[in-house]
Amino acid sequence: MSSWRGSRGQGLAGHFGPLELAILEVMWSSAELDVSTCARRLDGGQAYTTVKTVMERLVIKELLARRKEGRQYVYWARSSRREVEQRVAAEQVRQVVDGFGDLAVANFVRAVSGDADQLAQVRALLAGIADPSGEAGTAGKDESGGAAGASA
């Protein structure tokens, strides 16, 4: 791993703070919880007020939802872990492509080229994208109708 990347983790750990992610993990494994129950399920012994503040921030970020029950709020995850991963990945890829254009695309292809399963997934996704000229299903084909870059 390159040292310039810093010490933040990969995946969701690179996008959320440690307590945010820990709370999300607890919430994804539960239907609905109040703050005190969530705080008890966390391993770090965080204060109730700290957990409540982070949960409120997750509501603002639209990752948790809440409703009032009696004198307290009950919280639940608005999206599954997979849905959040999809949204974060899409945002991060869009930022890289917007910032680096063709370089980002070329490096993405190089990054997946060593993994046959990932490469097959990319090919399948590309095959499902309509050609900007309006000819659906022609992505990845050369002018003769064969696969572009295919060797005999």
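Draft legend 1. A look at the nonpolar core. In terms of nonpolar packing, the biggest core is built from 24 residues, with Phe16, Ile23, Met27, Cys38, Val51, Met55 and Leu64 touching the most fellow members. Counting only elements with at least two residues in this core, the list comes to helix H1 (18-28), helix H2 (35-41), helix H3 (48-60) and helix H4 (81-100). By residue number, the principal contributor to this core is H1, which donates seven residues.

Draft legend 2. Quick peek at the side chain of Ser79. On the secondary structure map, Ser79 appears in the loop between strand S3 (72-77) and H4. For Ser79, a relative accessible area of 15% gives the class buried.

Draft legend 3. Molecular detail of the pairing of strand S2 (residues 64-69). Of the pairings in the sheet, the one linking S2 to S3 comprises six bridges and is antiparallel in character. Looking across to S3, one finds that Leu64 is bridged to Ala77. Where S2 folds back onto S3 in an antiparallel hairpin, the turn is made up of two residues, including Gly70, whose phi is positive at roughly 70°.

Draft legend 4. Here's a closer look at the packing of H1 against H3. Where H1 contacts H3, the two axes come as close as 10 Å, and the packing angle between them is 80°. Taken together, the axis directions place H1 and H3 in an arrangement best described as roughly perpendicular. On the side of H1, the interface is formed by Leu19, Glu20, Ile23, Leu24 and Met27, while H3 contributes Thr50, Val51, Val54, Met55 and Leu58. A class-by-class count of the residues in the contact of H1 with H3 yields eight nonpolar, one polar and one charged.

Draft legend 5. A look at the sheet that holds S2. Here three strands make up an open sheet; going across it, the order is S1-S3-S2 and the pairing antiparallel. Looking at the sheet topology across the chains shown, the edges are occupied by strand S1 (33-34) and S2. Contacts between H1 and the sheet are confined to S1, S2 and S3, with S3 contributing the most and set at about 85° to the helix.

Draft legend 6. Region of the structure containing the packing of aromatic side chains. Across all of its chains, the model carries one aromatic pair by this definition. Between Arg66 and the ring centre of Tyr73, over which it is positioned, the NZ or CZ distance is 3.8 Å. The ring of Tyr73 has Lys68 sitting right over it, with the charged end atom 5.0 Å from the ring centre.

What counts and what doesn't
Residues numbered from 1 in each chain as written. Predicted model: local features only at pLDDT ≥ 70, side-chain atom pairs only at ≥ 80, totals over all residues. Heavy atoms only, no water. Core = buried A, V, L, I, M, F, W, Y, C linked by side-chain atoms within 4.5 Å. Buried < 20%, exposed > 50% of the residue type's maximum accessible area, 1.4 Å probe, protein only. Helix = DSSP H or I, 4+ residues; strand = E, 2+ residues; numbered from the N terminus. Pairing = 2+ DSSP bridges. Axes fitted to C-alpha atoms, helices over the stretch in contact; angles between N-to-C directions. Parallel < 35°, antiparallel > 145°, perpendicular 65-115°, else oblique. Contact = heavy atoms within 4.5 Å. Nonpolar A, V, L, I, M, F, W, Y, C, P; charged D, E, K, R; others polar. Phe/Tyr/Trp six-rings, centres within 6.5 Å; stacked < 30°, edge-to-face > 60°. Lys NZ or Arg CZ within 6 Å of the ring centre and 35° of its normal.

By themselves, these figures tell us nothing about what the structure is for.
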